Amino acid sequence: VLNKVGQSNTAERIALMKRCLVVFGVGRIAVLRADREFGGEAGFRWRQAQPIPFHQRRKCDTLILNHWNRRTRVDALLAALKPGSACLLPGRRSV
């Protein structure tokens, strides 16, 4: 997709997502799934500004707000999950 060898940077990933929005249209994209490597702050903010919901995998030591509005490590927040299972945290979370 990118005519280069090696990792992409944030600007390249955003440009690629913009191309996908033009080709497929916002209405045909139900959700964007992004892996941890897609987690840079500028890219994250750009995805938040788009009209498409997204699911973002995070590193286990990432701090997010819990339901008491306290910063908590993701692995501590989701400690009750069994291996191979998943959890969707409702709403937007500050990371």
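In what follows, the accompanying structure is described.

Conventions used here
- Residues numbered from 1 in each chain as written.
- Predicted model: local features only at pLDDT ≥ 70, side-chain atom pairs only at ≥ 80, totals over all residues.
- Heavy atoms only, no water.
- Phe/Tyr/Trp six-rings, centres within 6.5 Å; stacked < 30°, edge-to-face > 60°.
- Lys NZ or Arg CZ within 6 Å of the ring centre and 35° of its normal.
- Helix = DSSP H or I, 4+ residues; strand = E, 2+ residues; numbered from the N terminus.
- Expected span 1.5 Å × (residues − 1).
- Buried < 20%, exposed > 50% of the residue type's maximum accessible area, 1.4 Å probe, protein only.
- Arc of directions from axis to C-beta.
- Contact = heavy atoms within 4.5 Å.
- Salt bridge = Lys/Arg side-chain N within 4 Å of Asp/Glu carboxyl O.

1. Regarding the packing of aromatic side chains
Following the criterion strictly, the structure yields 0 aromatic pairs and no others. The ring centre of F54 lies 5.5 Å from the NZ or CZ of R47, which sits over that ring.

2. Some words on helix α1 (residues 10–24)
Over its 15 residues, α1 runs 21 Å from end to end, which matches the ideal 21 Å to within 8%, given 1.5 Å per residue. Of the residues making up α1, those classed as buried are R13, I14, M17 and L21. All buried residues of α1 fall inside an arc of 100° around its axis, so they share one side. Summarising the geometry of α1, the exposed residues directed more than 90 degrees from the buried face are A11, V22 and V23. At its buried positions, α1 is contacted by β1 (32–34) and α2 (41–49).

3. Points about the pattern of salt bridges
Scanning the model with the defined rule gives 2 salt bridges in all. Here E12 makes a salt bridge to K4, at a shortest N to O gap of 3.0 Å. Classification of E12 as partly exposed rests on a relative accessible area of 23%. Residue D75 is joined to R73 by a salt bridge in which the shortest nitrogen-to-oxygen separation is 2.7 Å. In this structure D75 comes out as partly exposed when scored by relative accessible area, which is 32%.

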